[in-house]
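The residues making up each chain are set out below.
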Amino acid sequence: MKKFISITLCILLTITLCSCSRGFERFNKSYTDLFDTVCSVVAYDSDQKSFDKHSEALYNELDSYNKLYDIYNSYDDLVNIKYINENAAKAPVKADKKIIDLLLFSKEMYELTEGAVNICLGSVLQIWHSYREEGKALPKESELKDASKHCDIDDLIINKKASTVYFNDKKMQLDVGAIAKGYAAEQAKAFAKEFWSSALINLGGNVTTWGVKPGGARWIVEIENPDRSATEALRTVDVVDSSVVTSGDYQRYYEVDGKRYCHIIDEKTLYPADGFSGVTVIYEDSAVADALSTALFILPIEEGKKIINSLKYARAVWVDKDYNIINSK
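To keep things clear, this report deals only with the structure shown in the data block. (Residues numbered from 1 in each chain as written. Predicted model: local features only at pLDDT ≥ 70, side-chain atom pairs only at ≥ 80, totals over all residues. Heavy atoms only, no water.)

1. Here's the deal with the pairing of strand S9 (residues 219–223)
Extensive coverage of S9 is indicated by the burial of four of its five residues. Judged from the five bridges that link them, S9 and strand S10 (residues 235–239) form a sheet pairing that is antiparallel. Its bridge partner lying in S10, Glu-222 is registered against Thr-236. (Buried < 20%, exposed > 50% of the residue type's maximum accessible area, 1.4 Å probe, protein only. Helix = DSSP H or I, 4+ residues; strand = E, 2+ residues; numbered from the N terminus. Pairing = 2+ DSSP bridges.)

2. Side note on the side chain of Asp-155
By secondary structure assignment, the location of Asp-155 is in the loop between helix H6 (141–148) and strand S5 (156–159). No salt bridge is formed by the buried Asp-155, whose closest oppositely charged neighbour, Lys-107, lies at an N-O distance of 8.8 Å. Among residues more than four places away in sequence, those in contact with Asp-155 are Tyr-166, Phe-167, Asn-168, Asp-169 and Met-172. (Lys, Arg positive; Asp, Glu negative; His and termini not counted. Salt bridge = Lys/Arg side-chain N within 4 Å of Asp/Glu carboxyl O. Contact = heavy atoms within 4.5 Å.)

3. Some thoughts on the pairing of S5
Residue alternation in S5 divides its side chains into a buried set, Leu-156 and Ile-158, and an unburied set, Ile-157 and Asn-159. Relative to strand S6 (residues 164–167), S5 runs antiparallel, the two sharing four bridges. Along S6, the bridge assignment pairs Leu-156 with Phe-167. In sequence, S5 turns back onto S6 through a hairpin of four residues, with Ser-163 there showing a positive phi of about 60°.

4. Topic: the sheet that holds S6
The three strands are arranged S4-S6-S5 in an open sheet whose pairing can be described as antiparallel. Either end of the sheet is taken by a strand with one partner, and the two such strands are strand S4 (93–94) and S5. Judged from the two bridges that link them, S4 and S6 form a sheet pairing that is antiparallel. Across the sheet, the residue bridging to Lys-94 is Thr-164, located in S6.

5. Description of the nonpolar core
For soluble globular proteins, the rule of thumb is that nonpolar side chains tend to be buried together. Counting residues in each nonpolar core, the largest one holds 75 residues, and the members touching the most others are Ile-84 and Ile-179. The dominant element in this core, judged by the number of residues it contributes, is helix H8 (residues 286–298), at nine residues. With residues near it in sequence (within four places) discarded, Ile-84 still touches Val-79, Val-93, Ala-95, Ile-99, Val-165, Phe-167 and Leu-174. The next biggest cluster of nonpolar side chains, apart from the first, holds 14 residues, and it includes Val-42, Val-239, Val-244 and Ile-282. (Core = buried A, V, L, I, M, F, W, Y, C linked by side-chain atoms within 4.5 Å.)

6. Some thoughts on helix H9 (residues 301–309)
Gly-304, Ile-307 and Ile-308 are the residues of H9 that are buried. Buried positions in H9, seen along its axis, are confined to an arc of 95° and lie on one side of it. Among the exposed residues of H9, those pointing more than 90 degrees away from its buried face are Glu-302 and Lys-306. The secondary structure elements touched by the buried residues of H9 are helix H4 (97–112), strand S16 (276–283), H8 and strand S17 (315–320). (Arc of directions from axis to C-beta.)

7. Observations concerning the environment of Ala-95
Inspection of the secondary structure assignment puts Ala-95 in the loop between S4 and H4. Here the alpha-carbon distance between Ala-95 and Asp-320, two residues 225 residues apart in the chain, equals 41 Å. Residue contacts for Ala-95: discarding those within four places in its chain leaves Val-79, Ile-84, Ile-100, Ser-163 and Val-165.

8. A word on empty space enclosed by the protein
The final tally for this structure, using the stated rule, is two cavities of 30 Å³ or more. Estimated volume of the largest cavity: approximately 380 Å³. Lining the largest cavity are 24 residues, with Leu-125, Asp-175, Gly-177, Ala-178 and His-263 sitting closest to its centre. For the lining of the largest cavity, the secondary structure elements donating two or more residues are helix H5 (122–134) and H8. Looking at the lining of the largest cavity residue by residue, the class counts come to 14 nonpolar, five polar and five charged. When its volume is computed, the second largest cavity comes out at roughly 40 Å³. In terms of lining, the second largest cavity is formed by Ile-223, Glu-224, Pro-226, Leu-234, Thr-246, Tyr-250, Gly-278, Val-279, Thr-280, Val-317 and Val-319. (1 Å grid on protein atoms, 1.4 Å probe; cavity = no way out; pocket = protein on both sides within 12 Å on 5 of 7 lines; lining within 4 Å. Points joined across faces, edges and corners; volume = space filled by probe spheres on them. Nonpolar A, V, L, I, M, F, W, Y, C, P; charged D, E, K, R; others polar.)

9. Structural notes on the packing of helix H2 (residues 48–68) against helix H7 (residues 180–192)
Viewed as axis vectors pointing N to C, H2 and H7 meet at an angle of 150°, and their least axial separation amounts to 10 Å. Taken together, the axes of H2 and H7 are roughly antiparallel relative to one another. Between H2 and H7 lies a crossing of right-handed hand. Taking contact as the criterion, the partners of Ala-57, Leu-58, Glu-61, Leu-62 and Tyr-65 in H2 are, on H7, Ala-184, Gln-187, Ala-188, Phe-191 and Ala-192. Per-class residue counts for the contact of H2 with H7 are eight nonpolar, one polar and one charged. (Axes fitted to C-alpha atoms, helices over the stretch in contact; angles between N-to-C directions. Parallel < 35°, antiparallel > 145°, perpendicular 65-115°, else oblique. Left-handed = near helix turned anticlockwise from the far one by under 90°.)

Structural data, given as structure tokens:
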């Protein structure tokens, strides 16, 4: 699954007494077995027992997305993305609504990002994943070009009414890493709003928030600085009912002959994007923010600005290779 960034969450302790007086306390919980990263939730609840019950419900909800969107592991007879990759070229595969909705949303993001985010790039991404795991060499260009012939998103056939997925290309493979965590975070937020009026969910750096803290304080999120020699965060933002998502080249990468190659692949070049050190998107919808952070990391700055400025209330911060900061409007 996608992402590579670490975002430090700073909770304002000055409102603790206020929260207690209103009957709500601050609680937090971490999960270490979801989405191949450390996930956490911070929420205000009436007491520990209530929070434990609600955080367990949240975990179960997130775990369902974690297993459904997994491209590497099977879970008994569960039809997940891995199963679809192995069978959808043979015949239409009936899939859970959570998968169908994700795939339909992914097609929307393909259009919004002008093709920069393509979940059908799996055949190319698998090659890079294999070479990155070995960490010794770069893929052959001919190998990448051959795989790129099987990435046409129009060959992904989704029948919403029948809830089926079919590949019109026998070598097509899905990889939802650029979208899955943000999409899961957004769905989990809708789920958890049923019992928490104020909370923050962090799926390995994909941060989404809703509500204000007792006393009216907003959520504070620190964006990690791509410059590893820096002693301070890149920026501190205060948000409410918004998400903060970052893509960068400083967490998941490998080096060949002294050059760093990150995991975010540009479909046009078939090689890792290398225009920026990091891109952060702040937007109300975590799923859209996740897709946009990847797209803006790949696209030239002016194309990225055009997309981000087309969305009301969306904000973005680019950090170039020299660690200069560029802001959207």
